[in-house]
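A structural walkthrough
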Amino acid sequence: MHDTPTRRLILAGGIAGLGALSGSAAAAPAGPTGRPQPDLDEPAPLPPGGRVGWAVVGLGDYAQAHVLPTLARAKRSKLSSLVSGNADKARQVAARYGVPDEAVHDYGAMARLADDPGVQVVYIVTPNASHPELTVRAFEAGKHVICEKPMANSPAECQRMIDAGKAAGRKLMIAYRAHFEPHNRRAKAMLEGGELGRVWFASSDHHRPLDPKRPRDEWRAQKAVAGGGSLVDIGIYALNGLQWLLGESTSALTASLHSPPDDPRFAEVENVFMAELVFPSGRRATISSSYAADKKRIDLWGDKLVATLDPATAYQGNRLVVSNERMREEVLTEEQSDAQFTNELDHFSQAVAEDGPVLTPGEMGLRDVRLIEALYRAARERRWLDLNSDMTVKA
Ligand code: NDP
């Protein structure tokens, strides 16, 4: 490298050399010094003692890839405890995140969370069939609960979870992260603000591949554990997303499903699911899901503009585009997509700390599980179901 005189001077003389450069020691700039608190673009995190303590239950793929890293960078939440059926794995994860040995439990010892005042929230991130029992145990330990989607495999189990929360006087949230994702929020604001015009039709398609050889997909192919196939696993984003974005709950529906008979992955759960939804306003929507493609998309068909979220519910890199026959424009958001994770977890911590409302409560999870039950029934009976007369699906 070709050294300039300045560079050589600084290298030889360090900070003192700067004075020699200017020709006067008296005019030398001062060394490092304190400056006033800068105006930060983002609010600063609460001090650790002011954050809500979380226990994470089930250390699988989603917990380790997304939940634990989110807690490490959250502003109102912090990781305080782990619950796992694999003691070796739990010890390794605890060491990585600085969780002390005495705050690591197995499922049978969840009652011990009651003795840990450092834990206020329990996050259930286990396979679907285990959500109700673990949620009830967490409530019995006096904790608030956030539970992964789908809430449970039957409306009765969802109701049991809600009742346990009420009996304990604690909050229940279902982890519908899209409600906290900046592009989804922007699309909803555009619809509500009239920017899309009148929206009479919406469509949402959520598809992802399934490989039961991977541990995280093994249980997804088992009906007793997963509760269903692509509809409950990923179609639920389409179902829940449209109810939320349109601001009303489905009043009638019909559906169909298909699984290739020669594919052993679909011996118990469906591959393709599709449905037509009718809303009280008269709006129509279609949803589809499968384990046969990799794509997550939502379209809100307004008479001024069509808003397209594609990807709609990815972990990062979601995009919102508005278009019509004459124009096509990407809508940028201030926050990036991955802000959804901290927004979601800190929302629940804030609701707990300030006794505020929960945006995606247990009742929303119950409504969706009722809709899922109705969708499977409509597919089985090959007919339209009017949810007011054929079954009760409350908003
Ligand atoms: P994984 O199979 O990767 O992890 C599940 C973990 O649950 C296991 O590692 C295990 O943890 C524990 N577990 C307890 N009982 C069982 C059992 N019988 N079989 C298998 N695991 C068991 O699944 P995911 O992390 O992908 O999914 C977990 C939950 O999160 C599901 O409800 C899923 O729908 C939801 N999810 C949500 C996503 C979202 O974007 N919101 C994305 C992906 C999943 P341990 O060994 O510590 O006991």
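Figured I'd write up the structure that's included with this text. (Residues numbered from 1 in each chain as written. Predicted model: local features only at pLDDT ≥ 70, side-chain atom pairs only at ≥ 80, totals over all residues. Heavy atoms only, no water.)

Quick look at the overall build of the protein chain
Stated formally: Secondary structure follows DSSP: runs of H or I at least 4 residues long count as helices, runs of E at least 2 residues long count as strands, and numbering of each begins at the N terminus. Only protein chains enter the accessibility calculation, which uses a 1.4 Å probe; a residue is then buried when its area is under 20% of its type maximum, exposed when over 50%, and partly exposed in between. Each accessible area is a Shrake-Rupley result for a 1.4 Å probe, and residues are judged covered by the shown protein chains and nothing else.
For the protein chain, the helix and strand inventory stands at 12 helices and 15 strands. Burial statistics for the protein chain: of 395 residues in total, 51% are counted as buried. Accessible surface for the protein chain amounts to roughly 19,100 Å². Of this, 52% is attributable to carbon and sulfur atoms.

Observations regarding a negative patch on the surface
Basically, it comes down to this: Patch definition: residues above 30% relative accessible area lacking any salt bridge, with like charges linked at up to 9 Å and the nonpolar side chains Val, Leu, Ile, Met, Phe, Trp and Tyr linked at up to 5 Å. Put simply, a salt bridge is a Lys or Arg side-chain nitrogen that is within 4 Å of an Asp or Glu carboxyl oxygen. Within this scheme the basic residues Lys and Arg register as positive and the acidic residues Asp and Glu register as negative, but His and the chain ends are omitted. Every charge is mapped to an atom, namely NZ of Lys, CZ of Arg, CG of Asp or CD of Glu.
Among the surface-exposed residues, D39, D41, E334 and E335 lie close enough to one another that they form a single negatively charged patch. When you line up the elements, D41 lands in the loop between α2 (16–22) and β1 (52–57). On the basis of relative accessibility, which here comes to 84%, the residue D41 falls in the exposed class.

Observations concerning the sheet that holds strand β13 (residues 320–323)
Either a parallel or an antiparallel arrangement is found when strands of a sheet pair, and the pairing is made through backbone hydrogen bonds. What counts is decided by this rule: At least two DSSP bridges between two strands are required for those strands to pair.
Pairing is mixed across the open sheet formed by 9 strands, whose spatial order is β14-β13-β12-β11-β7-β10-β9-β8-β15. Strands with a single pairing partner mark the edges of an open sheet, and in this sheet they are β14 (328–331) and β15 (385–386). Where strand β11 (residues 295–302) lies against strand β12 (residues 306–309), 4 bridges are found, and the strand directions are antiparallel. Bridge assignment links W301 to a residue of β12, and that residue is V306.

A word on the site of the ligand
Operational definition: A single heavy atom is enough: if one lies within 4 Å of a molecule or strand, its residue is considered near that molecule or strand. Here a polar contact is recorded for every N or O atom pair within 3.5 Å, except that within protein the pair must consist of a potential hydrogen donor and a potential acceptor, and residues adjacent in sequence are included only if both atoms are side-chain atoms. Using protein atoms alone on a 1 Å grid, points that fit a 1.4 Å probe yet trap it form a cavity, whereas open point sets bounded by protein on both sides within 12 Å along at least five of seven lines form a pocket; residues with an atom within 4 Å of a point count as lining. Here the criterion for a molecule occupying a pocket or cavity is that more than half of its atoms lie within 2 Å of the pocket grid points. The classification used treats Ala, Val, Leu, Ile, Met, Phe, Trp, Tyr, Cys and Pro as nonpolar, Asp, Glu, Lys and Arg as charged, and all other residues, Gly among them, as polar.
Around the ligand there are 24 residues in total, and D61, S84, K89, Y107 and R177 lie nearest to it. Between the ligand and the protein, one listed contact pairs an oxygen atom with a backbone N or O atom of D61 at 2.7 Å. Coverage of the ligand by the protein chains reaches 80% of its 890 Å² of free accessible surface. For the ligand, the cavity whose grid points lie within 2 Å of the majority of its atoms is the largest pocket. Of all the elements in the fold, those that place two or more residues in the shell around the ligand are α3 (61–73) and α8 (215–218). Among the residues making up the shell around the ligand, the classes are represented as 9 nonpolar, 8 polar and 7 charged.

Topic: the packing of α3 against helix α4 (residues 87–97)
Where we set the bar: Between N-to-C directions, angles span 0 to 180 degrees; the directions come from axes that are lines fitted to C-alpha atoms, helices contributing only their stretch in contact. The handedness criterion is simple: a crossing whose near helix is rotated anticlockwise from the far helix by less than a right angle is left-handed, and one whose near helix is rotated clockwise is right-handed. Pairs of residues are marked as contacts when any of their non-hydrogen atoms sit within 4.5 Å.
Following both chains from N to C, one finds α3 and α4 inclined at 30°, their axes separated by 11 Å at the closest point. The crossing of α3 and α4 is right-handed. Here α3 contributes Q64, L68, P69 and A72 to the contact with α4, which in turn contributes K89, V93, R96 and Y97. Residue composition of the contact of α3 with α4, by class: 5 nonpolar, 1 polar and 2 charged.

Structural notes on empty space enclosed by the protein
Put simply, the test is: Grid points are joined across faces, edges and corners, and a volume is the space filled by probe spheres set on the points.
A complete count under the given rule lists 2 cavities of 30 Å³ or more for this structure. What the largest cavity holds in volume is close to 50 Å³. Residue lining of the largest cavity: Y176, R177, A178, H179, N184, Y237, N240, G241, I298 and T313, and that is the complete set. The element best represented in the lining of the largest cavity is helix α10 (residues 230–246), accounting for 3 residues. In the lining of the largest cavity, the residues fall into 4 nonpolar, 5 polar and 1 charged. Approximately 30 Å³ is the volume attributed to the second largest cavity. Forming the walls of the second largest cavity are Y62, H66, V67, T70, Y123, F341, E344 and L345.

Section: α3
Worth spelling out the cut-off: The span one expects for a helix is its residue count, reduced by one, times 1.5 Å. Across the chain, bend at a residue is computed as the angle between axes fitted to the seven residues ending at that point and the seven starting from it.
The end-to-end C-alpha distance of α3, which contains 13 residues, comes to 18 Å, matching closely the 18 Å that a straight helix rising 1.5 Å per residue would cover. Approximately 30° is the largest bend angle found in α3, and it occurs at V67, with the proline P69 only one to four residues beyond.

Section: the packing of aromatic side chains
Note the threshold: In this analysis, rings of Phe, Tyr and Trp, with Trp reduced to its six-membered ring, are considered paired at centre separations within 6.5 Å, and the interplanar angle assigns stacked below 30 degrees, edge-to-face beyond 60, and tilted for intermediate values.
In total, this model carries 7 aromatic pairs according to the counting rule given. Pairing Y62 with Y315 gives two aromatic rings, centres 6.0 Å apart and planes at 35°, and the pair type is tilted. With Y62 in helix α3 and Y315 in the loop between β12 and β13, the pair connects residues that are 253 residues apart, well separated along the chain. Note on Y315 and F341: the rings are 6.0 Å apart at their centroids and 45° apart in plane angle, and the pair reads as tilted.

Description of the sheet that holds β1
The 6 strands are arranged β3-β2-β1-β4-β5-β6 in an open sheet whose pairing can be described as parallel. The sheet is open, and its two borders are formed by β3 (104–105) and β6 (172–174), each paired with just one other strand. Its contacts with the sheet place α4 against β2 (77–83) and β3, and it is angled at close to 160° to β2.

Remarks on helix α12 (residues 362–381)
End to end, α12 covers 28 Å across 20 residues, agreeing with the expected 28 Å (1.5 Å per residue, within 8%). Just downstream of α12, R382 is the residue with a positive phi angle, here 50°.

A few points about the nonpolar core
The condition is simple: Side-chain atoms within 4.5 Å are what join buried Ala, Val, Leu, Ile, Met, Phe, Trp, Tyr and Cys residues into a set we call a nonpolar core.
Counting 70 residues, the largest nonpolar core has V122, L196, L253, L277, L300 and L375 as its most contacted members. Sorting elements by how many residues they give to this core places α10 first, with 11 residues. With residues up to four places along the chain from it excluded, the contact list for L375 reads L231, L239, L253, A255, F273, A275, L277 and I287. Counting 29 residues, the second-largest nonpolar core is a separate cluster that includes V52, W54, Y62 and V352.

As for a nonpolar patch on the surface
Side chains of W200, F201 and W301 sit close together on the surface and give an oily, nonpolar patch of about 320 Å² of accessible area. Of note, F201 is situated in strand β7 (residues 199–207). Overall, the relative accessible area of 31% leaves F201 in the partly exposed class.

Some words on the side chain of T126
Summarising the element assignment, T126 is placed in the loop between β4 (121–124) and α5 (131–140). Relative accessible area serves as the criterion here: at 9%, T126 is assigned to the buried category. At 2.7 Å, the side chain of T126 and the side chain of S130 are in polar contact. In contact with T126, not counting residues within four places along its chain, are V57, G58, Y107, H131 and L134.

Take it as geometry only, folks, not as evidence of what the structure does.
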